[in-house]
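Commentary on secondary and tertiary structure
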Amino acid sequence: MSTKTPIQDSATERRALSARLLGREERELLTDRAFLLLLIGRFLAIMGSVVAPVALAFGFLQDLSGTPTQLSVVMAAQTIPLVALILVGGVLADRLARNRVIVVGLVLSALAFGSIGVMMIDARGPWWTLAIAALLSGIGIAVMNPALAAIVPELVRKEQLHAANGLVGIVRNSARILGLLGAGISISIVGGGVTLLFCSAASAIAAVLFVCVRLRYSVPRDNDSSFLSDLRDGWGAFTRQKWLWIVVVQSSLHFAVHGAALSVIGPALALSDLGGAATWSMLLAFEAAGTLVGAVLAMRWRPRRTIFSGVVAIALTMPTPFLLLGVGAPLWMIMAAIFLTGVGMSLLAVLWSVTVQSLVSPTTLSRVSSYDSLGSMLMSPLGLMLAGPAVALVGAKHAMLGCGLLLVVITTISLVSRDVRTVTPDRTPPEPV
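The following refers to the structure shown. (Residues numbered from 1 in each chain as written. Predicted model: local features only at pLDDT ≥ 70, side-chain atom pairs only at ≥ 80, totals over all residues. Heavy atoms only, no water.)

Secondary structure summary: the protein contains 17 helices and zero strands in total. Here the contacts in the protein between residues at least 6 apart in sequence split such that 88% fall between residues at least 24 apart. As presented, the protein carries roughly 18100 Å² of accessible surface, and 69% of it is formed by carbon and sulfur atoms. Averaging the locations of the 31 positively and 21 negatively charged side chains of the protein gives two centres separated by 4 Å. (Helix = DSSP H or I, 4+ residues; strand = E, 2+ residues; numbered from the N terminus. Contact = heavy atoms within 4.5 Å. Areas by Shrake-Rupley, 256 points an atom, 1.4 Å probe, with all protein chains shown as cover. Lys, Arg positive; Asp, Glu negative; His and termini not counted. Charge placed at Lys NZ, Arg CZ, Asp CG, Glu CD.)

Let us now look at the pattern of salt bridges. Summed over all chains, the structure comprises seven salt bridges. Among the ionic pairs, Asp 94 bridges to Arg 98, the shortest N-O distance being 2.5 Å. When its relative accessible area of 5% is taken as the criterion, Asp 94 is described as buried. Arg 98 is the salt-bridge partner of Glu 154, the closest N and O atoms lying 2.9 Å from each other. With Glu 154 in the loop between helix H6 (128-150) and helix H7 (161-211) and Arg 98 in helix H5 (residues 98-122), this pair connects stretches of sequence that are 56 residues apart. Considered together, Glu 154 and Arg 98 belong to a single accessibility category, that of buried residues. Connected through salt bridges with shared partners, the residues Asp 94, Arg 95, Arg 98, Glu 154, Asp 230 and Arg 367 form a single ionic network. (Salt bridge = Lys/Arg side-chain N within 4 Å of Asp/Glu carboxyl O. Buried < 20%, exposed > 50% of the residue type's maximum accessible area, 1.4 Å probe, protein only.)

To continue, consider the packing of aromatic side chains. For the structure shown, the criterion picks out four aromatic pairs. Pairwise contacts between aromatic rings join Trp 235, Phe 238 and Tyr 371 into one cluster. Geometry around Phe 308 places Arg 305 over its ring, the cationic atom sitting 4.6 Å from the centre. (Phe/Tyr/Trp six-rings, centres within 6.5 Å; stacked < 30°, edge-to-face > 60°. Lys NZ or Arg CZ within 6 Å of the ring centre and 35° of its normal.)

Our focus in this paragraph is the nonpolar core. Across soluble globular proteins, nonpolar side chains show a tendency to be buried alongside one another. By size, the foremost hydrophobic cluster in this structure holds 91 residues, and its most contacted members are Ile 116, Trp 243, Leu 244, Trp 280, Ile 307, Trp 352 and Met 400. Tallying contributions element by element places helix H9 (residues 242-274) first for this core, with 14 residues. Sequence-distant contacts of Trp 352, that is, excluding residues within four places in its chain, are made with Trp 243, Leu 244, Val 247, Val 248, Ile 307 and Asp 372. If you look at the next biggest cluster of nonpolar residues, it comprises 34 residues, including Val 103, Ala 147, Leu 161 and Val 168. (Core = buried A, V, L, I, M, F, W, Y, C linked by side-chain atoms within 4.5 Å.)

The next point concerns empty space enclosed by the protein. In total, this model carries two cavities of 30 Å³ or more according to the counting rule given. Lining the second largest cavity are Ala 52, Pro 53, Leu 56, Met 75, Gln 78, Phe 113, Ile 116, Ala 134, Ser 137 and Leu 196. Among the elements that make up the lining of the second largest cavity, the one with the highest residue count is helix H3 (residues 33-63) (three residues). Among the residues making up the lining of the second largest cavity, the classes are represented as eight nonpolar, two polar and no charged. (1 Å grid on protein atoms, 1.4 Å probe; cavity = no way out; pocket = protein on both sides within 12 Å on 5 of 7 lines; lining within 4 Å. Points joined across faces, edges and corners; volume = space filled by probe spheres on them. Nonpolar A, V, L, I, M, F, W, Y, C, P; charged D, E, K, R; others polar.)

Judged by side-chain polarity, Leu 85, Val 88, Leu 92, Leu 96, Phe 227 and Leu 228 come together as a nonpolar surface patch covering roughly 470 Å² of accessible area. For the nonpolar patch, the elements supplying multiple residues, two or more each, are helix H4 (68-95) and helix H8 (227-239). Here the nonpolar patch gets three residues from one element, more than from any other, and that element is H4. Mapped onto the elements of the fold, Leu 96 is located in the loop between H4 and H5. Residue Leu 96 is classed as partly exposed on the basis of its relative accessible area, which comes to 42%. (Patch = residues over 30% accessible without salt bridge, like charges linked within 9 Å, V, L, I, M, F, W, Y side chains within 5 Å.)

All right, on to the side chain of Ser 203 then. Turning to its location among the elements, Ser 203 is positioned in helix H7. Taking the relative accessible area as the measure of exposure, Ser 203 reaches 1% and is therefore buried. Setting aside anything within four residues of it in sequence, one finds Ser 203 in contact with Leu 106, Ser 109, Ala 110 and Phe 113.

Let's shift gears to the layout of surface pockets. Each pocket or cavity is described by its volume, and for the largest pocket that value is around 260 Å³. Lining the largest pocket we find 16 residues, and of these Val 257, Ala 260, Gly 383, Leu 386 and Leu 406 sit closest to its centre. Where the lining of the largest pocket is concerned, the elements lending two or more residues are H9, helix H15 (380-394) and helix H16 (396-410). Of the residues that constitute the lining of the largest pocket, the class distribution is 14 nonpolar, two polar and no charged.

Along its 15 residues, H15 runs 20 Å from first to last C-alpha, staying within 8% of the 21 Å computed at 1.5 Å per residue. Of all the bends in H15, the largest measures some 25° and sits at Ala 387, one to four residues before the proline Pro 389. Looking at the buried positions of H15, the neighbouring elements they touch are H4, H9, helix H14 (365-377) and H16. Of the residues flanking the end of H15, it is Gly 395, one or two places downstream, whose phi is positive at about 95°. (Expected span 1.5 Å × (residues − 1). Bend = angle between axes of the 7 residues up to and from the residue.)

Mapped onto the fold, Gly 388 is located in helix H15. Once you skip the residues sitting within four places of it in the chain, Gly 388 turns out to touch Pro 68, Thr 69, Ser 72 and Val 264.

The next subject is the environment of Arg 367. By the element assignment, Arg 367 lies in helix H14. Put simply, Arg 367 and Asp 233 are 134 residues apart on the chain and 8.5 Å apart in space, counted from C-alpha to C-alpha. Beyond its immediate stretch of four places on either side in the chain, Arg 367 contacts Gly 90, Val 91, Asp 94, Asp 230, Asp 233 and Gly 234.

Treat this as a map of the structure, not an account of what it does.
Have a look at this one:
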């Protein structure tokens, strides 16, 4: 007869479930203090960055009675520094300790979210002052993102990269789910301004955690070279990988359409046809739930042709929810489609990170990541600026349908390249010329 108590049985079942979901590498990483701080810091940072655009969009349209065209300007103001300064962030992250660079970006984000929140609560200043604060937020993202993309190899061994990026994906997408679910509730109860103050606090706490992260595998750094020389070396490392720049060009078009649909057209459609912020936040939460499932799948699914597999996953799932929103499909159908979109996005994100971190030298990884981010976001300001006028011209539904049709083409174009179809993480990287 068993002498175990119900509590002991429950603990045994939890350990068994953990063993089934997480492999030995994942469990080992979760006992590593530096990596655990990274995960918690990213969780809080992502919570703030996910909730903030939703709070800003609905607070601006509802509380401040702003127009979709004005919202386009505010949202575009955040993306402009990404285009202008992301390369600076890449050089800084390859020259300086990456955790310190992340701290600077998080502090700037905290100040920006706090400023926007205060201005929205006060509701007396001109609407364009929010665009200035959004610009500060974009500067923080530009400084921080290249360091975030390259910090994992400084904390884990190369053979742990797939497991580590899988865990980062789970944390990132869990934060997105909770953030999006909480965004609609918080906006409904306390308004967009106070919600943005919560985002500011989350970013500030994340900054404190990253101060405590200790990097384990140092990267050789040459601080004697010029800024332009660093940019040139990073560009060479970026362009030598044909699959990399081809997918980045695709992503530039993809993010322009996707961002316009989610940040401007979607909120306008939600207010006119879907019941407002709560419904839109729920849809975004379904997408985030899909990304969480995708991250779990990515830890176990290790295809040899990583980039091909990820691009196919995106092409099969990305356009559908926007097409369904554009034709006025039932809400349950849109939820299912946007959930699958999240799965595809997460699979590509993990497979992309593993491949880039495996085939790009650690000494240029942040600069390559900054060119990746620059290329991916290059068209986003234009997409956001056109989104508001598109809603005014043809209506939110037709504008959304147009986004879906464009995504059908955009998400498949890179598959023409043989390099995209055949690249593997264990391929020998091209030598510098």
